[in-house]
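Each chain, written out:
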Amino acid sequence: MPIERLSMRHIREVLRLHDSVGISQRAVARSLALAQGTVSKYVNRARRAGLTWPLSPELDEGWASSSIARSPRATTVASCGA
């Protein structure tokens, strides 16, 4: 099954709806036509990266995208030197 990868714009909207508006992950998924698992995955990755809404204005778009969007497996393999 292909991995669903969101644009940074979608990730920002997921965080905004979940954190700022207070909508449940299920409602965010329905609102953005995403799988609930996808919303959960990106909310959890944002938390692990220390990101909350509103995102810091000095936060570089590339850094945020790579911190949230990269696969945990790719990080593990890269850190092992493989």
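The shown structure was predicted, so the numbers you read here are calculated from the model rather than taken from an experiment.

K.L.:
Can you explain helix H1 (residues 8-21)? Please cite residues and give values.
P.N.:
Compared with an ideal rise of 1.5 Å per residue, which puts 14 residues at 20 Å, H1 spans 18 Å between its outermost C-alpha atoms and is within 8% of the ideal. Taken together, the buried positions of H1 are Met8, Ile11, Val14, Leu15 and Leu17. Directly beyond the C-terminal end of H1, a positive phi value near 85° is found at Gly22.

K.L.:
Kindly report on the nonpolar core, identifying the contributing residues and their values.
P.N.:
Counting 16 residues, the largest nonpolar core has Leu6, Ile11, Val14, Val28, Leu32, Leu34 and Val39 as its most contacted members. Per-element accounting of this core gives the leading share, five residues, to H1.

K.L.:
Tell me about the packing of H1 against helix H3 (residues 36-48), and name the residues and values.
P.N.:
Between H1 and H3, the least distance of the axes is 10 Å, while the angle of their chain directions is 85°. It follows from the interaxial angle that H1 and H3 lie roughly perpendicular. Together, Ile11, Val14, Leu15, His18 and Asp19 of H1 and Val39, Tyr42, Val43, Ala46 and Arg47 of H3 make up the contact between the two elements. Per-class residue counts for the contact of H1 with H3 are seven nonpolar, one polar and two charged.

Conventions used here
Residues numbered from 1 in each chain as written. Predicted model: local features only at pLDDT ≥ 70, side-chain atom pairs only at ≥ 80, totals over all residues. Heavy atoms only, no water. Helix = DSSP H or I, 4+ residues; strand = E, 2+ residues; numbered from the N terminus. Expected span 1.5 Å × (residues − 1). Buried < 20%, exposed > 50% of the residue type's maximum accessible area, 1.4 Å probe, protein only. Core = buried A, V, L, I, M, F, W, Y, C linked by side-chain atoms within 4.5 Å. Axes fitted to C-alpha atoms, helices over the stretch in contact; angles between N-to-C directions. Parallel < 35°, antiparallel > 145°, perpendicular 65-115°, else oblique. Contact = heavy atoms within 4.5 Å. Nonpolar A, V, L, I, M, F, W, Y, C, P; charged D, E, K, R; others polar.

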